[in-house]
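The lines below spell out each chain.
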Amino acid sequence: MTGHDVFLPMPLMVVSLGIMIMLAATAWRRSVERSFVGGMVSLLLALAVMGHHTGRMPDTGGSLFIQDRWTGYTAILIIFSSLCILLMAWRDAGHDRTTLVDEYPLLFMLGTLGALAMVFSANYMSFFLGLEIQGISLIGLAAFRHRSFMQGCEAAMKYLILSGVSSAILLFGIGLAYSITGSLRFMAPIVAGDLPAALPVAATVMILVGMFFKLSAVPFHMWLPDVMEGAPVPVATFLAVVSKIAIFSSLVRYFGTGDQPPFFDDILSVVITLTILGGNLLALRQTSLIRLLACSSIAHVGYLLIAFLCPGHLQSGAITFYLLAYTASTLGVFATITAFAIHEGPDGTAIMQWKGLFFRRPFLASAMSLMLLSLAGIPPGIGFFAKFEIAATGVEYPRGLLLCVLMIGSIIGLYYYLNIIRMMMAAPSLPSPRLNRHARPELTALVIVLSMIVVIGGLLPARAIHSLLPAPTVPPAVQDRMAP
Amino acid sequence: MNPLPALVLLPLMGGVLAWVAGRMRHPVNPSTHHASWWVVLATLSVETLILVMVTFAHRAHAGPWLEHFSMPWIPAMGIAVRLDMDGLSLSLIWLSLILCFVCLFLATRQVTAHVGAFHFLFLATLAGIIGTFLATDLFVFFFFWELMLVPMFVLIAAWGHEDRQRAAMKFFMFTQGSGLLMLLSILGLVIAHDRQTGVLTFDIFALARTPLSPALSMLLMLGFFTAFAVKLPVVPVHVWLPDAHTQAPTAASVLLAGILLKTGGYGMIRFNVMLFPDAASHFAPIAMGLGVAGILYGAWLSCAQDDVKRLIAYSSISHMGFVLLGIFSGSAMGMQGAIMQMLAHGLGTAALFVIAGAIQDRLHTRDMNRIGGLWAAMPRLSGTGLFFAVASLGMPGLGNFTGEFLVLLATWHVSPATATLAAIGLVPAAIYALRMVNRIFLAAPRAGLPSLEDFPLRHMAVLACVMTFLIMLGLYPQLFRTFSAPSPLSVTASQEDHAP
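For every chain, the first residue of the written sequence is number 1, and numbering continues from 1 onward in sequence order. Just so you know, chain letters begin at A and ligand numbers begin at 1, following the order they were written in. Given that this is a predicted model, residues contribute local features only at a pLDDT of at least 70 and side-chain atom pairs are listed and counted only at 80 or more, while totals for whole chains, interfaces and linings are drawn from all residues. With hydrogens and water set aside, each side-chain value is computed from the structure's full complement of heavy atoms.

Enquirer: Is there a simple way to think about the overall build of chain A in this case?
Expert: Numbered from the N terminus, helices here are DSSP runs of H or I no shorter than four residues, and strands are runs of E no shorter than two. The helix and strand tally for chain A stands at 19 helices and 2 strands. Within the span of chain A, comprising 484 residues, buried residues form 62% of the whole. Note on contacts: a residue pair qualifies if any of its non-hydrogen atoms lie within 4.5 Å across the two residues. In chain A, the proportion of contacts linking residues at least 24 apart, taken out of those at least 6 apart, comes to 84%. Surface accessibility in these figures is a Shrake-Rupley result with a 1.4 Å probe; residues are shielded only by whichever protein chains are displayed. Of the accessible surface of chain A, which amounts to about 17,400 Å², a share of 70% is contributed by carbon and sulfur atoms. Only protein chains enter the accessibility calculation, which uses a 1.4 Å probe. A residue is then buried if its area is under 20% of the maximum for its type, exposed if over 50%, and partly exposed in between.

Enquirer: Looking at this structure, I do not really get the overall build of chain B. What am I missing?
Expert: Check the secondary structure of chain B and you find 21 helices and 2 strands. Note that the radius of gyration is over C-alpha atoms, with the globule rule given as 2.2 Å times the number of residues to the power 0.38. A globule of 500 residues ought to have a C-alpha radius of gyration of about 23 Å, and chain B, at 22 Å, matches this closely. Seen along its three principal axes, the alpha-carbon backbone of chain B occupies a region of about 75 × 60 × 45 Å. For chain B, buried positions account for 66% of its 500 residues.

Enquirer: I would appreciate a short explanation of the pattern of salt bridges in the present structure.
Expert: Residue and element names in this part refer to chain B. In what follows, salt bridge is the name for a side-chain nitrogen of Lys or Arg lying within 4 Å of a carboxyl oxygen of Asp or Glu. Summed over the entire model, instances satisfying the criterion amount to 18 salt bridges over all chains. D306 is the partner of R439 in a salt bridge, and the nearest nitrogen-oxygen pair spans 3.6 Å. You can see R439 sitting in helix α19 (residues 426-442) and its partner D306 sitting in the loop between α12 (277-303) and α13 (308-327), a full 133 residues away along the chain. We classify R439 as partly exposed; its relative accessible area is 23%.

Enquirer: I keep staring at the interface of chain B and chain A and nothing clicks. Help me out?
Expert: Frequently, the measure chosen for interface size is the accessible area that the parts lose on association. Of the residues lining the interface, 33 residues belong to chain B; the matching set on chain A comes to 35 residues. Using a 1.4 Å probe, buried area is obtained as the accessible area two parts lose upon being combined, added over both of them. A buried area of about 3,100 Å², summed over both sides, lies between chain B and chain A, and 84% of it is on carbon and sulfur atoms. Of all residues in chain B, B:Q165, B:M169 and B:M173 bury the most surface against chain A, accounting for 18% of the area lost on that side. N or O atoms within 3.5 Å of each other form a polar contact, as long as, within protein, one can give a hydrogen and the other can take it, and as long as residues adjacent in sequence are counted only when both atoms are side-chain atoms. Taken together, chain B and chain A are joined by 3 residue pairs in polar contact (both at pLDDT 80 or more). Residue assignment for the side of chain B that touches chain A shows that the elements contributing at least two residues are β1 (67-74), α5 (138-147), α6 (149-159) and α7 (164-197) of chain B. By residue number, the principal contributor to the side of chain B that touches chain A is α7(B), which donates 15 residues.

Enquirer: For this particular structure, what's the right way to read the UniProt feature "domain: NADH:quinone oxidoreductase/Mrp antiporter transmembrane" (unreviewed entry) in chain B?
Expert: UniProt positions are given in the numbering used here, feature names are shortened, and annotations may be inferred rather than shown by experiment. The positions UniProt marks with the feature "domain: NADH:quinone oxidoreductase/Mrp antiporter transmembrane" (unreviewed entry) are residues 135-422 of chain B. Helix makes up 80% of residues 135-422 of chain B and strand 0%. Its end C-alpha atoms lie 33 Å apart.

Enquirer: Would you take a moment to explain the confidence of the model for chain A for this structure?
Expert: Note: predicted coordinates in regions of low pLDDT should not be interpreted at a detailed level. Across the chain, each position has a pLDDT score giving the predictor's confidence in that residue, from 0 to 100. For chain A, per-residue confidence averages 85 on the pLDDT scale, and 87% of positions sit at 70 or higher. Low pLDDT, under 50, characterises residues 474-484 of chain A; the stretch is placed with 13 contacts to residues that sit more than four places away or in other chains.

Enquirer: Is there a simple way to explain unusual backbone geometry in this structure?
Expert: Glycine aside, negative phi is the norm for most residues, and most peptide bonds take the trans geometry. Residue and element names in this part refer to chain A. With an omega dihedral of 5 degrees, the bond running from V218 to P219 counts as a cis peptide bond. With respect to the helices and strands, the residue P219 is situated in the loop between α7 (198-215) and α8 (223-230). In this structure, S216 is a non-glycine residue whose phi angle is positive, near 60 degrees. Tracing the backbone through its elements, the reader meets S216 in the loop between α7 and α8.

Enquirer: I'm lost on the packing of helix α17 (residues 400-425) of chain A against α6(B) in this one. Help?
Expert: At a minimum axis distance of 9 Å, the contact between α17(A) and α6(B) shows a crossing angle of 40 degrees. Between α17(A) and α6(B), the crossing angle belongs to the class labelled oblique. Considering the relative orientation of α17(A) and α6(B), their crossing is right-handed. Mapping the contact onto sequence places A:L418, A:I421 and A:M425 in α17(A) and B:F153, B:V154, B:A157 and B:A158 in α6(B). In terms of residue class, the contact of α17(A) with α6(B) is made up of 7 nonpolar, no polar and no charged. Helix axes are fitted to C-alpha atoms over the stretch in contact, other axes to C-alpha atoms as well, and angles between N-to-C directions run from 0 to 180 degrees. Convention used here: angles under 35 degrees read as roughly parallel, angles over 145 as roughly antiparallel, angles from 65 to 115 as roughly perpendicular, and any remaining angle as oblique. Crossing chirality is assigned from the near helix's rotation relative to the far helix, an anticlockwise turn below a right angle marking it left-handed and a clockwise turn marking it right-handed. When residues are sorted by character, Ala, Val, Leu, Ile, Met, Phe, Trp, Tyr, Cys and Pro go into the nonpolar class, Asp, Glu, Lys and Arg into the charged class, and all the rest, Gly among them, into the polar class.

Enquirer: Even after reading the chapter, I still don't get the environment of A:I136, so can you show me in this structure?
Expert: Position of A:I136 relative to the elements: it lies in helix α5 (residues 124-142). Separated by 22 residues in the primary sequence, A:I136 and A:G114 place their C-alpha atoms 9.5 Å from one another.

Enquirer: What am I meant to see in the nonpolar core here?
Expert: Soluble globular proteins: nonpolar side chains tend toward being buried together. The criterion is simple. A nonpolar core is a set of buried Ala, Val, Leu, Ile, Met, Phe, Trp, Tyr and Cys residues joined through side-chain atoms within 4.5 Å. A:F248, A:F308, A:F334, A:I337, B:M85, B:M268 and B:F328 are the most contacted members of the largest nonpolar core, which totals 372 residues. Of all the elements, helix α14 (residues 332-363) of chain B adds the most residues to this core, at 18 residues. Excluding residues within four positions of it along the chain, B:M85 makes contact with B:L4, B:L7, B:L51, B:V54, B:W65, B:L66, B:E67, B:L90, B:I93 and B:L134.

Enquirer: Please clarify how the pairing of strand β2 (residues 79-85) of chain B should be interpreted in this entry.
Expert: If a strand is regular, its side chains alternate between the two faces of the sheet. Residues and elements named next belong to chain B. With 7 of its 7 residues buried, β2 lies for the most part within the structure. On β2, burial covers both faces: I79, V81, L83 and M85 on one face and A80, R82 and D84 on the other are all buried. Relative to β2, β1 runs antiparallel, the two being bridged by 7 bridges. Considered in β2, the bridge of F69 is made with L83. Counted along the chain from β1 to the antiparallel partner β2, the turn is 4 residues long, and its residue G78 has a positive phi close to 70 degrees. Only when DSSP finds a minimum of two bridges between them are two strands counted as paired.

Enquirer: Explain the packing of aromatic side chains to me, please; I cannot follow it from the model alone.
Expert: Geometrically, a pair of aromatic rings is defined through the distance of the ring centres and the angle of the planes. Stacked, tilted and edge-to-face are the three classes assigned to paired rings of Phe, Tyr and Trp, where Trp is represented by its six-membered ring and a pair needs centres within 6.5 Å; plane angles under 30 degrees give stacked, over 60 edge-to-face, the rest tilted. Scanning the model with the defined rule gives 46 aromatic pairs over all chains in all. Members of the aromatic cluster, connected to one another through ring pairs, are A:F321, A:F384, A:F385, A:F388, B:W73, B:F139, B:F142, B:F143, B:F144 and B:F202. Our definition puts a charge over a ring when NZ of Lys or CZ of Arg is within 6 Å of the ring centre and also within 35 degrees of the ring normal. The ring of A:W28 has A:R29 lying over it, and the distance from NZ or CZ to the ring centre is 5.2 Å.

Enquirer: Help me understand a nonpolar patch on the surface, please; the structure alone is not making it clear to me.
Expert: Residues and elements named next belong to chain A. The grouping of F363, I448, M452, I456, L459 and L460 at the surface amounts to a nonpolar patch, some 550 Å² of accessible area in total. Here the nonpolar patch gets 4 residues from one element, more than from any other, and that element is helix α18 (residues 441-459). When you line up the elements, L459 lands in helix α18. Relative accessible area serves as the criterion here: at 36%, L459 is assigned to the partly exposed category. Only residues whose relative accessible area exceeds 30% and that form no salt bridge are eligible for patches; like-charged ones are grouped when within 9 Å, while nonpolar side chains (Val, Leu, Ile, Met, Phe, Trp, Tyr) are grouped when within 5 Å.

Enquirer: Help me out: how do you make sense of the state of the cysteines in this one?
Expert: Covalent bonding between the sulfur atoms of two cysteines defines a disulfide. What counts as a disulfide here is a pair of cysteine sulfur atoms lying within 2.5 Å. As enumerated under the stated definition, the model contains 0 disulfides over all chains in all. This cysteine, A:C404, is not joined by any disulfide, and A:C310 carries the nearest cysteine sulfur, 13 Å off.

Enquirer: Honestly, the side chain of B:Q176 in this entry has me stumped. Any pointers?
Expert: Looking at the secondary structure, you find B:Q176 in helix α7. Residues contacting B:Q176, with those up to four places away along its chain left out, are A:I378, A:L414, B:E146 and B:L149.

Enquirer: Honestly, the packing of helix α18 (residues 416-424) of chain B against α19(B) in this entry has me stumped. Any pointers?
Expert: If you want to describe how two helices pack, look at the angle between their axes and the distance between the axes. Residues and elements named next belong to chain B. For the pair α18 and α19, the least separation of the axes is 4 Å and the interaxial angle reads 10 degrees. With respect to α19, the element α18 is oriented roughly parallel. Listed contacts from α19 to A422, A423 and I424 of α18 are L426, V427 and P428. Residue classes in the contact of α18 with α19 are distributed as 6 nonpolar, no polar and no charged.

Enquirer: Is there a simple way to explain the environment of B:A127 in this structure?
Expert: All names here are of chain B. Position of A127 among the secondary structure elements: in helix α4 (residues 115-134). Since its relative accessible area comes to 3%, A127 is described here as buried. Once the C-alpha coordinates of A127 and A192 are considered, the two residues, 65 residues apart in sequence, prove to be 31 Å apart. In contact with A127, other than residues within four places in its own chain, are V8, P11, L12 and F144.

Enquirer: What should I look at first to understand the side chain of A:K244 in this one?
Expert: Residue and element names in this part refer to chain A. Mapped onto the secondary structure, K244 falls in helix α10 (residues 242-256). By the counting rule applied here, Lys and Arg register as positive and Asp and Glu as negative, while His and the ends of each chain are not counted. Look at K244: it is buried, it has no salt bridge, and the nearest opposite charge is D226 at 14 Å. Non-local contacts of K244, meaning those with residues more than four positions away in its chain, are made with L215, S216, L224, L239, S297, I298, V301 and Y326.

Written out as structure tokens, the structure reads:
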């Protein structure tokens, strides 16, 4: 096999190369700034080479990677989010002198590489490798504050164990799928012949469970709030945004490229109902902002899954638009939090501490409200149109029950999002000196950019609606050939 | 240039300007404190000018729709910014503008903190409301419907009275939650239309022609109805209203009672009755029952209130019951009565809230047990209060009477029993209105009242305008009856000869 036979999307190459250079630079002389700059440059380069690839995709579909409009879209979202997160983390890493921190951007880059690999993968192997690269880098990142904040260790341990368990289940499922189809192609195992049906069902369910674990869909969600609370804020952002986009993108590719198994609808309906209600109800009682966002991100996964479950000609636009809306709004919320949070401990994330923020930091408080309203699905934020599209898919492919759940979830969501805004508008009771008062131009710029995306996306969404979901790439004839 | 988008955008832009003006500080010259106030005044004046132009313009085409504007917005979903104006929306926009002037002259000067932001939110609410009255694309309608709630929420939550935050949350949860039901109905209608014709559109004129099965049409109508019922408010879902009205700052109370509630009535006329005529007529008995329940329940509770603002809030529920009754009475007369009642209630209740706000500013209480005998100290305020209280109880010769009379007459043709029950509601109306007058204005003056400043003449001039309108509505309703009739959806403002 020669070099040009291997089909490789260029962004993957660029990011890997960047990571190697960063590693070499770290070995030569440690410098936080250089590490950050290296990370950002390689991410920007990866954006620049987004459409390119080396080699030629084999006609039979036996490639490790795949590149189409869907991968392009989600990869851009991932790289953009990583850039934002690196920007958020920049100052934090510089402030914390107790730990050696030039691994911090390096681990972020590794996580991004894993996410990208998942997005581009067309094969179980590359998918699983990507998943594990991302997971392992996240363990290191989650533990980053362990010296100053005990919960950091707990978060990392929890993530290590649960992620390991879920990977094991996933791997078992992959193994079963391979035993059925004899192929490592990344698609749901469907057998045409009269093989016992139990095996494909078991394989699919195990793979689904593994994916739901990573997506933190209820009932596999318990780890997310704890891990996000223990991790530094940028890492929590990474968990909430990048890793979810990556796994959701894989989920869409996995089940979107072929026929869906018959039991799929029922399982997914139950999971969606539980996810939306569970996430929202959990969020209702949280006093920590990060935990609240973790729970609400669980609920948002549920909304996304509704669109995923409702095939129709609105589906593709709805999924892509919702991903964009969720990414922009969530990044915005976390960027605002970072602007206040101090690196040590969980400070700045208790909702009580945000009392009266409108009077002290009107700009940031307004931006925060905008993002929260967008997450709640209220105009003029981008989230309004996104939720509208999700509801449209649900009405188009009639799913009355899920629509009711969507509505109830949205009303509950409205309550806790508004509660934060209400808190910010309340008269400040005590001066809270723990909030960060440093001027942070890079964060302000980031918040402005994200606010503009949110508002413009909400007012002129026409440009952002595209049908990008992967088309079934393999004709059914090939599937039959792959069956033993 | 087409005036309709200007009507919506102008308040928004004016609001931003007012915000900017409010942030400029000149410590030397305290009069710049009111810079944003002047900006709002200018905005409203220009807006009035545009509206006058629209009202008296010569029309190039014959037809019930006065103006039309359309521009593609999200072509992929068949969404366009479609604005159309007929008599109903025109009269309601006039009402909104008059009340905004009232707010501006009488109420917003009491706000001292963050004046610019207050004025921005005030105008943003107005923009949302005007957009709601004009939109004929269902998505655009929903967009404005949601949009007007956010600034109102902030107005209540940030500038309201002691328990403002809870009230604001309640207001937002109720209105927004019911709005989601309407969203589902909108989507259902659009997709049913798409299935039958293959055209994805949110254009209300196209959707009005969609043939629907009776069950589906009833279901969709109910989704709309719930959202509008919360806004109107209809009795089981009215619980947000007393709190919101009581806790809101005066200007927001006026906006809420005067205009925001009218969007509910407007929606019922335009969307329930005209978009789903059959389902609406099937549903009419229930709706009328709810209307009567609202009339009696609101009036009854209003009699038991000690808090002035709460009293007015409950009386609003009672008055809006007449609107619901009229809309679903199934006759043109009832519809006209409902519209008259909306206009009259908007003017009268807004003025009452202004008076209640003025009393609270001067005495720092809304408790009627602690206010008393204001007539001697403030004859002008008390006289105005008496006038509007009498208007509220439905004195012949004033606008409320016309509205209630038309509604009762129309109801009588449908069901005499319902009409009788609704008419009984007028008895407690007299009780609460006169009780308020008695205790606040006419009772013996309380000992230890501070020396109070009466309404200055310029305030009286503004209120006199409102009174004039009410009297005109009462004495010569014919003018408004022809002017404010809603246009049928079967006739469109033809797009070809009137495109922008």
